[in-house]
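# Structural overview
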Amino acid sequence: MKFPLYFSRKIAFSKDNKNNLSRVIIFIGRLSVALGIIVSLITVATGFGSKKAIKERLADFSGHITVRSTRSNSSYNTSVLDNQGLNIPKIKELPDVESIQKYATVTGIMRNEHSFAGIIFKGVGKDFDSLRFKKFLIAGTTPKVTEVGFNNDVAISQKTANDLHLKLNDSIVTVFSKADQKPVYRKFRVLGIYRTDIKMIDDQFVIGGINHVRRIQEMKPDEVGGLDIFLKNVNDIDKDFPDIEKLIGYKNYAEKATEKFPQINDWISIFDTNIALIIIIMLIVVVINIIMVLLILIIERTNSIGLLKTLGASNSQIRATFINYTLIIMIPGLLYGNAIGLGLILIQKFFGVIKLNPENYYVSTVPVDLNPIAIISISVGILFISGLALIIPSYLISKISPVKAIKYN
């Protein structure tokens, strides 16, 4: 074992190291490290968790990637998807693609004696993934679409149900209109009530059979307004997007789930900045406290430094000894910080203790994401950067005279 590491371990675990001043110094150092770890872990877990949860909710409702006709532009009344150049079998063969479902949308107004609500009627086909949608249901079931005839069952959001005083199996009249045409009336039955916590979705969307949209939009029986493409992993959207774009034809365009709602995309992008800013601040706090601990330890052990120099130890060896000594002091802080931080994260993950207003945060509870790489990186990063930061202040040791140090009290 090298001398600096051996001697630093000896003084770190020595009984002579238990005087009042050392106890206070060591406690401050370990406390700052533990707090830094706790705050950093919670910041990363909740930041990444929120990003992932919001992306997954958007993607599970309307597909990770959506394909529409360029004639639709930003209109919610979808135009017929162009088949020229559209290669659905090839898209399905992509390794990251899990499923594809067709849809078409049209705007309308639901109304009854209580109130009215502007809605986007999303017509889905027999390939609709009701199991994926089930996670959003808070009452009832999803409409069973066969694409044979017209199924008048729909699933509406909890907000729409509250606004119109609707409950399961209630009937509701919806008015659809097109330019220069008479309004089209449809009577639907509420079969399911859902909630995604995404305000822009819950305020507008109604799920029903695609044949209603085909009739209103004067589409042919086999025509659709778009495709919802679901991937196996929400983090693969950016990677797979260019491959899918090549297979949809030049008269259609693809859109990522987060791009449909720019305000949500802007909200998600803020997380990266906040995470980095908080970690940098905590790192600065930890480093300042650890440097303070090192300097006080050097002053406290000035006699020992003088004795080591008299016995022939070089300045670099003594510097390495005190840096190792300070890093050893940090280790219990790292352990306690990880234990407390991970404990709090697990409590939130399984019990959802902290609630949020979904109108502002797009989730009803604080989501967390336990990423082993991020957890290890935080501890290793703080330890490594602290070690580098201690190099410069440790040069104070080279200024200490052996003769004066031995006389120092």
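Since this is a predicted model, take the numbers as computed values, not measurements. (Residues numbered from 1 in each chain as written. Predicted model: local features only at pLDDT ≥ 70, side-chain atom pairs only at ≥ 80, totals over all residues. Heavy atoms only, no water.)

Looking now at the packing of helix H9 (residues 262–300) against helix H13 (residues 372–389). For any two helices packed against each other, one specifies the crossing angle of their axes together with the interaxial distance. Orientation of H9 relative to H13, taken along the N-to-C sense of each, is 45 degrees, at an axis distance of 10 Å. Judged on the interaxial angle alone, H13 and H9 are oblique. The two elements H9 and H13 meet at a crossing, and its hand is right-handed. Residues Leu 283, Val 286, Val 287 and Ile 291 of H9 form the contact with H13, whose own contacting residues are Ile 382, Ile 385, Ser 386 and Ala 389. Within the contact of H9 with H13, the residues separate by chemical class into seven nonpolar, one polar and no charged. (Axes fitted to C-alpha atoms, helices over the stretch in contact; angles between N-to-C directions. Helix = DSSP H or I, 4+ residues; strand = E, 2+ residues; numbered from the N terminus. Parallel < 35°, antiparallel > 145°, perpendicular 65-115°, else oblique. Left-handed = near helix turned anticlockwise from the far one by under 90°. Contact = heavy atoms within 4.5 Å. Nonpolar A, V, L, I, M, F, W, Y, C, P; charged D, E, K, R; others polar.)

Here we come to the nonpolar core. Within soluble globular proteins, side chains that are nonpolar tend to cluster in buried spots. In terms of nonpolar packing, the biggest core is built from 39 residues, with Ile 65, Ile 91, Phe 121, Ile 156 and Ile 229 touching the most fellow members. In contact with Ile 65, other than residues within four places in its own chain, are Leu 227, Asp 228, Ile 229, Leu 231, Ile 237, Asp 240, Phe 241, Ile 244, Ala 254 and Glu 255. Counting residues in each nonpolar core, the second largest holds 36 residues, with Ile 275, Ile 323, Ile 345 and Ala 374 among its members. (Core = buried A, V, L, I, M, F, W, Y, C linked by side-chain atoms within 4.5 Å. Buried < 20%, exposed > 50% of the residue type's maximum accessible area, 1.4 Å probe, protein only.)

This part takes up the UniProt feature "domain: ABC3 transporter permease C-terminal" (unreviewed entry) in the chain. Mapped onto this structure's residue numbering, the UniProt feature "domain: ABC3 transporter permease C-terminal" (unreviewed entry) falls at residues 277–402. When the span residues 277–402 is considered, its composition is 74% helix and 0% strand, and the gap between its end C-alpha atoms is 44 Å. (UniProt positions renumbered as here; feature names shortened; annotations may be inferred.)

A word on the pattern of salt bridges. One pass over the structure, following the stated rule, counts 19 salt bridges. Here Lys 102 and Asp 127 are joined by a salt bridge, their closest N and O atoms 3.6 Å apart. Placement of Lys 102 in strand S2 (residues 97–111) and of Asp 127 in the loop between strand S3 (116–124) and helix H4 (130–133) is noted, with a sequence separation of 25 residues between them. Looking at Lys 102, the relative accessible area reads 18%, which means it is buried. For Asp 127, a relative accessible area of 31% corresponds to the partly exposed category. (Salt bridge = Lys/Arg side-chain N within 4 Å of Asp/Glu carboxyl O.)

A few words now on the UniProt feature "transmembrane region" (unreviewed entry) in the chain. When the UniProt feature table is mapped onto this chain numbering, "transmembrane region" (unreviewed entry) sits at residues 21–48, 275–299, 320–347 and 373–397. Annotated as residues 320–347, this span is 100% helix and 0% strand, and its ends, taken at the C-alpha atoms, are 40 Å apart. From the first C-alpha to the last, residues 373–397 spans 37 Å; its make-up is 68% helix and 0% strand.

It is worth spelling out unusual backbone geometry at this point. The backbone of His 165 shows a phi angle near 55 degrees, a positive value even though the residue is not glycine. Along the chain, the position of His 165 falls in the loop between helix H5 (158–163) and strand S6 (171–176). Using a relative accessible area of 54% as the deciding quantity, one classes His 165 as exposed. One non-glycine residue with positive phi stands out, namely Glu 218, at about 55 degrees. Within the secondary structure, Glu 218 is located in the loop between helix H7 (210–216) and strand S9 (226–231).

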